[in-house]
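Commentary on secondary and tertiary structure
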Amino acid sequence: MGARLLRRVVSLLTLPVLIAGLMITLPQPALAASGGRIGGGSFRSSPSMPRSYGGGMNRGGYGGGVGYGGGYRGGYGGGGFGFPFIVPIFGFGGGLFGFLIMIAVAGMVMNALRGAGGGAGDATGSGDRLGAAVDGPVSIVQVQVGLLASARALQSDLRRLASDADTSNSAGLQRVLQQASLALLRNPDLWVYAAAELGQVPFVSAETTFNRLSLQERSKLQRELTVNVAGQRHADPAPVLAGASDAASDFIAVTLLVASRRRLTLAGADTADSLRQSLQQLGAVGAEDLLALEVIWQPEGAGEVLSSEELITAYPDLQHL
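Calculation rules
Residues numbered from 1 in each chain as written. Predicted model: local features only at pLDDT ≥ 70, side-chain atom pairs only at ≥ 80, totals over all residues. Heavy atoms only, no water. Helix = DSSP H or I, 4+ residues; strand = E, 2+ residues; numbered from the N terminus. Buried < 20%, exposed > 50% of the residue type's maximum accessible area, 1.4 Å probe, protein only. Polar contact = N/O pair within 3.5 Å; in protein donor to acceptor, adjacent residues only side chain to side chain. Core = buried A, V, L, I, M, F, W, Y, C linked by side-chain atoms within 4.5 Å. Contact = heavy atoms within 4.5 Å. Expected span 1.5 Å × (residues − 1). Axes fitted to C-alpha atoms, helices over the stretch in contact; angles between N-to-C directions. Parallel < 35°, antiparallel > 145°, perpendicular 65-115°, else oblique. Nonpolar A, V, L, I, M, F, W, Y, C, P; charged D, E, K, R; others polar. Salt bridge = Lys/Arg side-chain N within 4 Å of Asp/Glu carboxyl O.

**Things to note about the side chain of S274**
With respect to the helices and strands, S274 occurs in helix α7 (residues 272-283). What makes S274 buried here is its relative accessible area of 9%. Here D270 takes part through its backbone nitrogen, which lies 3.0 Å from a polar atom of the side chain of S274.

Below you can see the structure in the form of structure tokens.
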């Protein structure tokens, strides 16, 4: 009886909390500019994952793992229901990244409660899913940088990378990650704002969490002018807008979203030095460890810019360096 009551309370409370959080964290579409995107990857072809995954995902819920680094203890810890939790390292309690991690935890709680009340009839299936979650932790990292609009060369570098990169395999994606990281590292004098977040999720919920984070960042774009994703390329002619940008008060935003099957560490992005270290750490991720990648930037249209107000509204987790 106690388990049923707890399960009902969690069910009643979860949906309102998630809706309220989404209303708070979603960006305002009116502030969106056009952008570009490079990425790809697969959560279904990992050679290090056990065959019991069968190439599929448990889309019915989310799991979580204990985050490590930044003062949190590494590894997985068992809870009262025998499941691990995930804690994002940077930015916990703010931004959609931390919120989606909370969704993963809430989903894992719901699944554990259902398993606890389901009896012996579904014990095998639940055990397999939980076992898979424990065997396959995935690191998900998001680094965002706001640069002065005079970093037009960076846009050209990313556009050029999108035109010739092979995003159909892990080696090509690793090159994209390395080149995008280098493009940012070559413009330290133009860094003004930055944010970095790191979390751990079980393999069974990693694809869903990554896709939600990707969609959140893509929703900040009015449209995608330059695209190279999973081997598919698309390019629209960029509209030329009248007026020159103000190099001192207009900005370009770049997001790197990475999923790795290995434990990643991150220096954060509180200072220019920590951002530099974080970009170097991301650029060093090997092709064999890279599960998925998104490089998203805006604006992309000629003459388009983001004002400081638009930048902070669309990217509320950015901190001034």
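Once you've had a look at it, read on.
**Thoughts on the nonpolar core**
Of all hydrophobic cores here, the largest spans 49 residues; its most connected members are V143, L147 and V295. In contact with V295, not counting residues within four places along its chain, are G36, R37, I38, L158, V176, A180, T255 and L256. In terms of nonpolar packing, the next biggest core, distinct from the first, is built from 12 residues, F203, A206, L257 and A292 among them.

**Here we look at helix α5 (residues 170-185)**
Taking 1.5 Å as the rise per residue, α5 with 16 residues should run 22 Å; its terminal C-alpha atoms sit 22 Å apart, in good agreement. Buried residues of α5: G172, L173, Q174, V176, L177, A180, S181, A183 and L184, and no others. Of the residues flanking the start of α5, the one acting as N-cap is N169, its side-chain oxygen 3.2 Å from the backbone nitrogen of A171.

**Regarding the packing of helix α4 (residues 152-164) against α5**
Orientation of α4 relative to α5, taken along the N-to-C sense of each, is 170°, at an axis distance of 10 Å. Relative to α5, the element α4 is oriented roughly antiparallel. Contacts from L154, D157, L158, L161 and D164 of α4 reach α5 at R175, V176, Q179, A180, A183 and L184. Classifying every residue of the contact of α4 with α5 by side-chain character gives seven nonpolar, one polar and three charged.

**A look at unusual backbone geometry**
Most peptide bonds take the trans configuration, and most residues that are not glycine carry a negative phi. The step from Q298 to P299 runs through a cis peptide bond, and the omega angle for that step is 0°. By secondary structure assignment, the location of P299 is in the loop between β7 (290-298) and β8 (306-307). Despite not being glycine, A230 shows a phi value in the positive range, around 55°. With respect to the helices and strands, A230 occurs in the loop between β4 (221-229) and β5 (232-235). Judged by its relative accessible area of 46%, A230 falls in the partly exposed class.

**Brief notes about the pattern of salt bridges**
Tallied over the full model, the rule gives eight salt bridges. Residue R218 pairs with E224 through a salt bridge whose shortest N-O separation is 2.6 Å. According to the relative accessible area criterion, R218 is partly exposed, its value standing at 27%. The closest approach of N and O atoms between D289 and R262, which form a salt bridge, is 2.9 Å. Of this pair, D289 sits in the loop between α7 and β7 while R262 sits in the loop between β6 (250-260) and α7, placing them 27 residues apart in sequence.

**Some details on helix α6 (residues 203-218)**
Given 3.6 residues per turn, any residue in an α-helix points the same way as the ones three and four places further on. Along its 16 residues, α6 runs 23 Å from first to last C-alpha, staying within 8% of the 22 Å computed at 1.5 Å per residue. Of all 16 residues in α6, 12 are buried, a share of seventy percent or more.

**Some details on the side chain of Q144**
Within the secondary structure, Q144 sits in strand β2 (residues 137-148). Setting aside its immediate chain neighbours within four residues, Q144 contacts Y193, A194, A195, E217, K220, V254, T255, Y315 and L318.

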